[in-house]
Structure formats: structure tokens, C-alpha cells
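Reading the structure
Listed below, chain by chain, are the residues.
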Amino acid sequence: MGKTYNTNDIDRIEKLINIGEQIKRKDKINYQNIKGTRKAGINFIFSQEELSEYTKSANNPIYFIEKYCDIKLYDYQKTIIDHYLKYDFSIFLSSHQVGTFPIFASLFLHFITFNLNKKIYLCGYKLLQIKELIVKIKFLYCKLPFFMKKGIVNWNERQVQFEDNSIISITNAEFKECNIMLANDFSHLSDDYANDLITYVKKHNIKFIINSRPNGANHFYDLVKNSELPINHPEYNNFNTLRTYWYQVPKLNADWKKNEIKMIGEEIFLQEYELSFISHNKSYNILY
């Protein structure tokens, strides 16, 4: 059995790393010398205070996000978190500027941190945006205290894999069984791909998160429309939609809106910020 570490040991080693001192091979704590990571196979002893913090964070995602991801949550962001936790089939119909990616990144990190052997897969219309989500997850992971981090066995632009076989990964080419699936920019996916994805996640009982803005009266319009029907309606589809608008962000106001419309035009503003489904010069605002 290898050496056992505590936080004092880790702090001492990190100070040496920061001043450029040579570290003994047995004391290398980072995965492939990437600062902020924890390599696999490190034996670590929690202090009583650390164990208490670990338990409190595991049981309270909002506490974890605000304290350890250093995100001061607005009320609308707490509503996003509550919606994510409550429903297995969620649609987040969110305008620009509301900051859903940092929230999803912190929620996915929370799920992976406090559960064993879990898998999260990310897909979307634009690969670059999904890669940005992986970057955010890595950034938040590196902010965690060492005692809260899982050891890393793979760390690249498309995935992070942990020593307990948990993984957060991009998947665009094929569907894979997992615990959580995120589909970003869902309204831009082809009809066939979107329908196949929904069929797959329901068949395999996967927690499914759709994050998107409108893109005309297409398959996403139908999905949202039916999700906002009364539960006892024959066309209700078991999805639950949460609408989050630009004006829920405290720093955005009427003057900001006027300037934004000047730059992008009223129709684009209606779609991207007011969440209107616009097609052939008609606006479909679905409200039930």
C-alpha cells in the first residue's frame, strides 16, 4: 500500500510545485502534471471537517455550487437547478445571456463527484459549444479542494474520465447508455436524429436535458408545445419545459434591450431573447 496523504501534505506539495521545486516521484499528485488535477490511486485521509463538508456538499447542490464552484446564484438560476433536479425529461428554453452552461457544468460536476461509476454524455449541433462545456467542467473541477476531487485517468478536449470509471464525454456519432444526456441546440438537430435520440433515452431510462432556443415551427416547437399541455392531455409528452428570459437577469434592462435590437434586429431578438417560434413571418408564442 502506498503513502497516505492528508490536506497538510497536499498543501506542502502544492507550495513546492508553485515555487518550481523538484517533486519526488512518489509525491506527484497531479494527473500528467496538470495543475489542479488529482491523479488516480492516491490514498487520502479526510479530516472531520472535510468529511462534514463533503457530506453537506453531496446533499446540497446549491451549497456546493456557491461555495466550491464560486458561483453566486440568482433566483432564476436556483429555479433552473430545482427544475433539473426534479425532472428526468427536461427542456430548458433559455434566452441568450442567462448563463445556463455554468449551471449545467456545476450540476454535472456535482453528480460525478458524489456518485460512483456514473456516465454523462453531451451532444449538440455545434461541437465547439459542447467542447466549451467540457472546458467549464474542467475549470470547476480544478477549483475544488483536493479532498473533494476524484482521481483522473483521462483528460482531453472531448472527455474527462475518473478512476472510479465515471466519465463526462462528448458523443455526437452514436447513442450510448449513460445516466445523464444533454442535447444542446436541440432545435437545430435534424428531425430524424432528434426523434431517435428521444426514443433512445426513454427506452434506456436516461435523464435527458434539452437546452435550446427556438428555430422556427419545427420538431422542437412541437416538443415544447406538447410539453406545456396539461398532464392529462392525450398529447402531453412527459417533458417539462422551463422558460428563462433575458429580463430575469438583474443586470439587463429596457435600455439594454433597445441597444440589442439595434444591433441584431427585432426578429432575431424575438427568437433569441423572447423565445418566440418564428416561421414564415408568423410568431408562435406557446403559452398554456
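Attention in this report is confined to the structure presented alongside it.

Cut-off values and rules
- Residues numbered from 1 in each chain as written.
- Predicted model: local features only at pLDDT ≥ 70, side-chain atom pairs only at ≥ 80, totals over all residues.
- Heavy atoms only, no water.
- Salt bridge = Lys/Arg side-chain N within 4 Å of Asp/Glu carboxyl O.
- Helix = DSSP H or I, 4+ residues; strand = E, 2+ residues; numbered from the N terminus.
- Buried < 20%, exposed > 50% of the residue type's maximum accessible area, 1.4 Å probe, protein only.
- 1 Å grid on protein atoms, 1.4 Å probe; cavity = no way out; pocket = protein on both sides within 12 Å on 5 of 7 lines; lining within 4 Å.
- Points joined across faces, edges and corners; volume = space filled by probe spheres on them.
- Nonpolar A, V, L, I, M, F, W, Y, C, P; charged D, E, K, R; others polar.
- Pairing = 2+ DSSP bridges.
- Axes fitted to C-alpha atoms, helices over the stretch in contact; angles between N-to-C directions.
- Contact = heavy atoms within 4.5 Å.
- Phe/Tyr/Trp six-rings, centres within 6.5 Å; stacked < 30°, edge-to-face > 60°.
- Lys NZ or Arg CZ within 6 Å of the ring centre and 35° of its normal.
- Lys, Arg positive; Asp, Glu negative; His and termini not counted.
- Polar contact = N/O pair within 3.5 Å; in protein donor to acceptor, adjacent residues only side chain to side chain.
- Expected span 1.5 Å × (residues − 1).
- Arc of directions from axis to C-beta.

Opposite charge on two side chains allows them to pair when their charged atoms are near. Scanning the entire structure with this criterion turns up 10 salt bridges. Salt-bridge contacts for Asp88 lead to Lys207; the nearest nitrogen and oxygen are separated by 4.0 Å. With a gap of 119 residues between them, Asp88 in the loop between helix 4 (75–86) and strand 3 (89–94) and Lys207 in strand 9 (residues 207–212) connect regions that are remote in the sequence. Residue Asp88 is classed as partly exposed on the basis of its relative accessible area of 45%. In this structure, the salt-bridge partner of Glu274 is Lys257, at a minimum N-O distance of 3.7 Å. Of this pair, Glu274 sits in the loop between helix 10 (266–272) and strand 11 (277–279) while Lys257 sits in helix 9 (residues 254–264); the two residues are 17 residues apart in sequence, bridging distant segments of the chain. Residue classification places Glu274 among the buried residues on the basis of a relative accessible area of 18%.

Of the voids in this model, the largest pocket is the one considered here, and its volume is about 310 Å³. Every residue lining the largest pocket is counted, 17 residues in all, and those nearest its centre are His96, Thr100, Phe101, Asn211 and Arg213. Within the residue set of the lining of the largest pocket, elements represented by two or more residues are helix 5 (100–113), helix 6 (127–143) and strand 9. Among the residues forming the lining of the largest pocket, the class breakdown is 3 nonpolar, 10 polar and 4 charged. In this model, the second largest pocket occupies a volume close to 260 Å³. Classifying every residue of the lining of the second largest pocket gives 8 nonpolar, 4 polar and 5 charged.

Our focus in this paragraph is the sheet that holds strand 5 (residues 152–155). In spatial order, the strands read 5-6-7-4-8-9-3-10; together these 8 strands make up an open sheet with mixed pairing. Looking at strand neighbours, the two that pair on one side only are strand 5 and strand 10 (240–244), the edges of this open sheet. Sheet twist, expressed as the average angle between the axes of neighbouring strands with direction ignored, equals 15°. Where strand 8 (residues 180–184) meets strand 9, 5 bridges bridge the pair, whose relative direction is parallel. Across the sheet, residue Ala183 finds its bridge partner in strand 9, namely Ile210. Against the sheet, helix 6 makes contact with strand 4 (119–124), strand 5, strand 6 (159–162), strand 7 (167–170) and strand 8, and its axis sits at roughly 155° relative to strand 7, the strand it touches most.

For any pair of aromatic rings, the description rests on two quantities: the centre-to-centre distance and the angle between the ring planes. Evaluation of the coordinates by the stated rule reveals 29 aromatic pairs. For the pair Tyr141 and Trp155, a centre-to-centre distance of 5.7 Å together with 55° between the ring planes defines the contact as tilted. Of the two residues, Tyr141 is situated in helix 6 and Trp155 in strand 5; the sequence distance between them amounts to 14 residues. Trp155 matches Tyr141 in its accessibility class, with the two residues each being buried. Where Tyr221 meets Phe277, the ring centres are 5.4 Å apart and the plane angle is 65°; that geometry is what we call edge-to-face. With Tyr221 in helix 8 (residues 219–227) and Phe277 in strand 11, the pair connects residues that are 56 residues apart, well separated along the chain. According to the relative accessible area criterion, Tyr221 is buried, its value standing at 14%. The ring of Tyr84 carries the charged tip of Lys207 above its face, separated from the ring centre by 4.8 Å.

As a further point, take the side chain of Arg38. Tracing the chain through its elements places Arg38 in the loop between helix 1 (7–18) and strand 2 (43–44). Buried Arg38, no salt bridge; nearest opposite-charge side chain is Glu163, N-O distance 4.7 Å. Here Phe146 takes part through its backbone oxygen, which lies 3.2 Å from a polar atom of the side chain of Arg38. In contact with Arg38, other than residues within four places in its own chain, are Ile29, Tyr31, Phe44, Tyr141, Phe146, Phe147, Lys149, Lys150, Gly151 and Ile152.

A word on the environment of Ile19. Take Ile19: it is sitting in the loop between helix 1 and strand 2. What makes Ile19 exposed here is its relative accessible area of 60%. Sequence-wise, Ile19 and Tyr5 are 14 residues apart; in three dimensions their C-alpha atoms are separated by 21 Å.

A rise of 1.5 Å per residue sets the reference length of helix 4, with its 12 residues, at 16 Å; its end C-alpha atoms lie 16 Å apart and thus fit the reference within 8%. For helix 4, the full list of buried residues reads Tyr76, Gln77, Ile80, Ile81, His83 and Tyr84. Taken end-on, helix 4 shows its buried residues confined to a sector of 160°, consistent with a single buried face. Opposite the packed face of helix 4, turned more than 90 degrees from it, sit the exposed residues Asp75 and Lys86.

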